[in-house]
Amino acid sequence: MNIVIDSHTHSVASGHAFSTVDDLARGASKRGLKGFVLSDHGPGMPGTTHPYHFGNLRILPPSIQGVRFFSGIEANIMDTAGTIDLEPYILARLDFVMAGFHEICFADHGREENTQAVISALKSPWVDAISHPGNPAFPIDLERVVAAARDHGKALEINDSSFRIRKGSHTNCLQIAKLCVTLGCPIVCGSDAHYWEDVGRFDEVQALLEEAQAPEALVLNSSMERFEAFVAARRAARHAAYVAESHVHA
Ligand SMILES: [Zn+2]
Ligand SMILES: [Zn+2]
């Protein structure tokens, strides 16, 4: 299977990543990718982006260095209600919204409350996918999470960096991939690059998808058409939720 879009990359805007948007685009091009998502950390993480970063992503062109550019965020799940750290009016206009657990924003609450937090995020109209759900530092009920993602039309990520930096991720990621296959839940593959050379690095993800016998049709970023269709549908859903919410508050 060929992964043609990297759905998870960080630029210098994340505060602890080391490449510019143009560097990331060149990295994507060098790997032969067709596109990448810029998914800098949400403002809830200390030393990272200000909300203005996400508000101003609209000035960037749809193609950079010859590859398709998608605006995005790796938002932080802040509580068990699944709250994330960016305002709906900005979330409504991004291409791809991921949310995930990061210790500095949400300490491990134990399996039941972690599961509740992820499922609440999946239920919310703002979140399109969960980043590194296989992280063993945040135990969750994998079966319930995969079923919830499938039910809400959301995706779960298999993250290539997890195999190096989130020790013990392999068992969970393999189980997630197998459950996604069984239950029919979309998968996205992200490198989680914090340096341009890692954009499109999917060695471990590819091996795992093969082991889980994941069909290409289930992997959103194995085709530009499939990924663009998902992005368009989720963007429309977020925009509709924002319009509905502003009417309620008006
Ligand atoms: Zn992360
Ligand atoms: Zn990340």
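Please refer to the structure higher up on the page.
What comes next is a walk through the structure. (Residues numbered from 1 in each chain as written. Chains lettered and ligands numbered in written order. Predicted model: local features only at pLDDT ≥ 70, side-chain atom pairs only at ≥ 80, totals over all residues. Heavy atoms only, no water.)

1. A word on the coordination of the zinc ion (ligand 2)
At the metal site, the zinc ion (ligand 2) is ligated by His 8 (NE2), His 10 (NE2), Glu 74 (OE) and Asp 192 (OD), and these contacts range over 2.0 to 2.2 Å. Taken together, the 4 donor atoms surrounding the zinc ion (ligand 2) define angles of 81 to 171 degrees at the centre, an arrangement classified as irregular. Positions of the donor residues of the zinc ion (ligand 2) along the chain correspond to the pattern H-x1-H-x63-E-x117-D. You can call Glu 74 buried: its relative accessible area is 0%. (Donors = N, O, S within 2.8 Å, 3.2 Å for Na, K, Ca; no water. Tetrahedral: all angles 85-135°; square planar, octahedral: opposite > 155°, others 65-115°. Buried < 20%, exposed > 50% of the residue type's maximum accessible area, 1.4 Å probe, protein only.)

2. A closer look at the layout of surface pockets
Here the largest pocket defines a volume of roughly 180 Å³. If you go around the largest pocket, you meet 14 residues; those closest to its centre are Leu 57, Arg 58, Ser 71, Asp 95 and Arg 235. Broken down by secondary-structure element, the contributors of at least two residues to the lining of the largest pocket are helix H2 (51–55) and strand E4 (67–76). Among the elements that make up the lining of the largest pocket, the one with the highest residue count is E4 (3 residues). Its boundaries defined by the atoms lining it, the second largest pocket holds a volume of some 160 Å³. Forming the boundary of the second largest pocket are Met 45, Phe 101, His 102, Glu 103, Ile 104, Asn 135, Ala 137, Phe 138, Ile 165 and Arg 166. Of the residues that constitute the lining of the second largest pocket, the class distribution is 6 nonpolar, 2 polar and 2 charged. (1 Å grid on protein atoms, 1.4 Å probe; cavity = no way out; pocket = protein on both sides within 12 Å on 5 of 7 lines; lining within 4 Å. Points joined across faces, edges and corners; volume = space filled by probe spheres on them. Helix = DSSP H or I, 4+ residues; strand = E, 2+ residues; numbered from the N terminus. Nonpolar A, V, L, I, M, F, W, Y, C, P; charged D, E, K, R; others polar.)

3. Looking at the coordination of the zinc ion (ligand 1)
Donor atoms from the polypeptide that coordinate the zinc ion (ligand 1) comprise Glu 74 (OE), His 102 (NE2) and His 132 (NE2), at 2.1 to 2.2 Å from the metal. The motif formed by the donor residues of the zinc ion (ligand 1), counted along the single chain, is E-x27-H-x29-H. Separating the zinc ion (ligand 1) from the zinc ion (ligand 2) is a distance of 3.4 Å, and Glu 74 supplies a donor atom to each of them. Note that Glu 74 is positioned in strand E4 and His 102 in the loop between strand E5 (96–100) and helix H4 (111–123), a separation of 28 residues in sequence. Each member of the pair, Glu 74 as well as His 102, carries the same accessibility label: buried.

4. Structural notes on unusual backbone geometry
The backbone phi angle of Gln 65 is positive, close to 55 degrees, even though this residue is not glycine. Tracing the backbone shows Gln 65 in the loop between strand E3 (63–64) and E4.

5. Structural notes on the pattern of salt bridges
Using the criterion set out here, one finds 12 salt bridges in the structure. Linking Arg 144 and Asp 141 is a salt bridge whose minimum nitrogen-to-oxygen distance equals 3.8 Å. The salt bridge involving Arg 166 is made with Asp 192; its shortest N-O contact spans 2.9 Å. Pair noted here: Arg 166 is in the loop between helix H6 (162–165) and helix H7 (169–183) and Asp 192 is in the loop between strand E8 (187–190) and helix H8 (203–211), with a separation of 26 residues, a long-range link. The class of Arg 166 is buried, set by a relative accessible area of 13%. The exposure class assigned to Asp 192 is buried, which follows from its relative accessible area of 3%. Each of Arg 111, Glu 112, Asp 141 and Arg 144 takes part in one network of salt bridges that share partners. (Salt bridge = Lys/Arg side-chain N within 4 Å of Asp/Glu carboxyl O.)

By themselves, these figures tell us nothing about what the structure is for.
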